[in-house]
Amino acid sequence: TVENMMPACAPCNLHKGGYSLEQWREVLSRAADIVAREKSIFRAALRFGVVAVNDAPIVFHFEREASHG
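### A short note on the packing of helix α3 (residues 31-38) against helix α4 (residues 40-47)
At a minimum axis separation of 5 Å, α3 and α4 run at an interaxial angle of 110 degrees. Classified by the angle their axes make, α3 and α4 are roughly perpendicular. Mapping the contact onto sequence places Ala32, Val35, Ala36, Arg37 and Glu38 in α3 and Ser40, Phe42 and Arg43 in α4. Grouping the amino acids of the contact of α3 with α4 by side-chain chemistry returns four nonpolar, one polar and three charged.

Okay, here's the thing in structure tokens:
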């Protein structure tokens, strides 16, 4: 729907699909948990410190740009 349109690159637009912006933000915030559950290589990378997960808020590019004025 028009109300659900957001500026996004092609890969993000494909992944976002029909999610609202807040639903998409929630899915992204759970991404590390989802990958850790499904991929043992990710869990190993976490154990060895190759990757790190943070809980920083998800702020999209267009939101950052809008806040700068």
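After that view of the structure, there is still more to cover.
### Digging into helix α2 (residues 21-29)
Burial in α2 covers these residues: Leu21, Trp24, Arg25 and Val27. Along α2, the residues classed as buried sweep out an arc of 160 degrees about the axis, all on the same side. Buried residues along α2 sit against α1 (10-16), α3 and α5 (61-67).

### Describing the pattern of salt bridges
Going through the model one piece at a time under the given rule, you end up with three salt bridges. The residue Glu22 makes a salt bridge to Arg25 at a minimum N-O spacing of 3.1 Å. A residue pair is termed a helical-turn pair when its members lie 3 or 4 positions apart in one helix, as Glu22 and Arg25 do in helix α2 at three residues. In this structure, the salt-bridge partner of Arg25 is Glu63, at a minimum N-O distance of 2.6 Å. Highlighted residues: Arg25 in helix α2 and Glu63 in helix α5, separated in sequence by 38 residues. Take Glu63: its relative accessible area is 22%, and that puts it in the partly exposed class.

### With respect to the packing of aromatic side chains
As enumerated under the stated definition, the model contains two aromatic pairs in all. Taking 6.2 Å as the distance between ring centres and 5 degrees as the angle between the ring planes, the aromatic pair formed by Phe60 and Phe62 counts as stacked. The class of Phe60 is buried, set by a relative accessible area of 15%.

What counts as what
Residues numbered from 1 in each chain as written. Predicted model: local features only at pLDDT ≥ 70, side-chain atom pairs only at ≥ 80, totals over all residues. Heavy atoms only, no water. Axes fitted to C-alpha atoms, helices over the stretch in contact; angles between N-to-C directions. Helix = DSSP H or I, 4+ residues; strand = E, 2+ residues; numbered from the N terminus. Parallel < 35°, antiparallel > 145°, perpendicular 65-115°, else oblique. Contact = heavy atoms within 4.5 Å. Nonpolar A, V, L, I, M, F, W, Y, C, P; charged D, E, K, R; others polar. Buried < 20%, exposed > 50% of the residue type's maximum accessible area, 1.4 Å probe, protein only. Arc of directions from axis to C-beta. Salt bridge = Lys/Arg side-chain N within 4 Å of Asp/Glu carboxyl O. Phe/Tyr/Trp six-rings, centres within 6.5 Å; stacked < 30°, edge-to-face > 60°.

None of the figures reported here should be taken as evidence of function without further support.
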